[in-house]
Amino acid sequence: MLDGSLSTSANFTPGDAAESRWTQAEAEKIYNSPFNDLLYRAHTVHRAQFDPNAIQMSRLLSIKTGGCAEDCGYCSQSAHYQTGLKASKLMEVERVLAEARKARDGGATRYCMGAAWRSPKDRDMEAIVAMVSGVRALGMETCMTLGMLTPAQSARLAEAGLDYYNHNIDTSERFYGEIITTRSFADRLETLANVRDAGIKVCAGGILGMGEAADDRISMLVTLANLPVPPESVPINMLIPIPGSKLADAAPVDPIDFVRTIALARILMPQSHVRLSAGRTDMSDETQALCFFAGANSIFVGETLLTADNPGEDHDAALFRRLGLRPMAPTARQDAAE
Ligand code: SAM
Ligand code: DTB
Ligand code: SF4
């Protein structure tokens, strides 16, 4: 099917408890099709669902940096590696809100707060809840990424009004054990189920460039697309190699393979926002342009991600001008503030 019409398997509405939508074989066939056919199909699916020239803009803040007990091989914040990063305590609520205000004034519509935790401690929940309600009161969408969550913690965050929770599966189930040993692929899926059951929107994706094969990338996307409800937001990160981490010397991803992965994400999850996430600093404008054509419609803005660099406002403004892109209007909220 190259005419871009949606196959029955792709034509679901979030909220449907659809059965398995995609097989690995179907997804591999799409991923390996001629590049022009793949891009044409992905772009057609994209246009049927979204304004192709509007990009959603999120801003990240590390609210608790470094010293993390997990051994994720890609991460600057794991205590298992000597990355030279200075660990810090949980940030004061007022400081978080001051940063969020700046981000809003810079055009971000979603504020994503990340903590280097295996999972939040109960004693931290009060401050976390205050950050969620404070950022919401600024009229922004809220997102948190705090590690694994129990059903009770998910319910508390939902009650505070958290819009999205980010928790990545990172790679395929097969390759996962090569990258992380301190928590399992099944643990990740359990947190995603807890978040979904609490009524919070799910942001889940992964990383390319960790030494995985194309089939691992495809399998990761098939897992996400076949969740009972696919994630509303799918971040695709390109590994930022961190000196001192296990993956410091990983070989870079072929940009064409990166674009193929974005296109497959768009085709398997037509209604999700696909985020061209970490790694844009090392990506040419041309590669980014192809990603937007292939269906990416969200980015992180600002000079820093959590600890690593991101193209700054000036570069992104110039890129948007060159490509005729514009910021996507935020989803309207009944109770949004000024
Ligand atoms: N500690 C929480 C957790 O792991 O769930 C939240 C923060 S963690 C940094 C969020 C995600 O960022 C990871 O799952 C991974 O996909 C991505 N990430 C971390 N370091 C990265 C790097 N060096 N390059 C690309 N992506 C990275
Ligand atoms: C995601 O998938 N990418 C973001 C966000 N979710 C939390 C994080 C990227 C981190 C890049 C490395 C760093 O800044 O340390
Ligand atoms: Fe910790 Fe998250 Fe980094 Fe893993 S990715 S080491 S859990 S901060």
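Refer to the structure printed above.
Residues numbered from 1 in each chain as written. Chains lettered and ligands numbered in written order. Predicted model: local features only at pLDDT ≥ 70, side-chain atom pairs only at ≥ 80, totals over all residues. Heavy atoms only, no water.

The next subject is the environment of Ile 207. Secondary-structure assignment places Ile 207 in strand β6 (residues 206-208). On a C-alpha basis, the gap between Ile 207 and Ser 277 in space is 9.1 Å, while along the polypeptide they are 70 residues apart. Every residue in contact with Ile 207, bar those within four places of it in the chain, is listed here: Tyr 74, Asp 170, Glu 212, Met 220, Asn 237, Met 238 and Leu 239. (Helix = DSSP H or I, 4+ residues; strand = E, 2+ residues; numbered from the N terminus. Contact = heavy atoms within 4.5 Å.)

Below, the discussion takes up the packing of helix α4 (residues 125-137) against helix α5 (residues 151-160). Interhelical geometry of α4 versus α5 gives an angle of 30° and a closest axis separation of 9 Å. As the angle between them shows, α4 and α5 are arranged roughly parallel. When you trace α4 past α5, the crossing you get is right-handed. Residues Met 125, Glu 126, Ile 128, Val 129, Val 132, Ser 133 and Arg 136 of α4 lie in contact with α5, whose contacting residues are Gln 153, Arg 156, Leu 157 and Ala 160. Its residues placed into classes, the contact of α4 with α5 shows six nonpolar, two polar and three charged. (Axes fitted to C-alpha atoms, helices over the stretch in contact; angles between N-to-C directions. Parallel < 35°, antiparallel > 145°, perpendicular 65-115°, else oblique. Left-handed = near helix turned anticlockwise from the far one by under 90°. Nonpolar A, V, L, I, M, F, W, Y, C, P; charged D, E, K, R; others polar.)

With respect to spatial proximity, 14 residues lie near ligand 2, and among them Asn 168, Asn 237, Leu 306, Thr 307 and Ala 308 are the closest. Note that a nitrogen atom of ligand 2 is positioned 3.5 Å from one of the side-chain N or O atoms of Ser 277. Between an oxygen atom of ligand 2 and a main-chain N or O atom of Leu 306, the distance comes to 2.8 Å. Contact with the protein chains removes 87% of the 400 Å² of surface that ligand 2 exposes when unbound. One can see that ligand 2 is located within the largest cavity. (Near = heavy atom within 4 Å. Polar contact = N/O pair within 3.5 Å; in protein donor to acceptor, adjacent residues only side chain to side chain. Areas by Shrake-Rupley, 256 points an atom, 1.4 Å probe, with all protein chains shown as cover. 1 Å grid on protein atoms, 1.4 Å probe; cavity = no way out; pocket = protein on both sides within 12 Å on 5 of 7 lines; lining within 4 Å. Sits in = over half its atoms within 2 Å of the grid points.)

Quick look at unusual backbone geometry now. Despite not being glycine, Asp 170 shows a phi value in the positive range, around 70°. When you line up the elements, Asp 170 lands in the loop between β4 (164-166) and α6 (173-179).

The next thing to look at is the packing of helix α2 (residues 35-49) against helix α10 (residues 285-294). Contact pair α2 / α10: the axes reach a minimum separation of 7 Å and the direction vectors enclose 55°. Relative to α10, α2 is oriented oblique. Residue-level inspection shows Phe 35, Leu 39, Ala 42, His 43 and His 46 of α2 in contact with α10, the latter providing Leu 290, Phe 292, Phe 293 and Ala 294.

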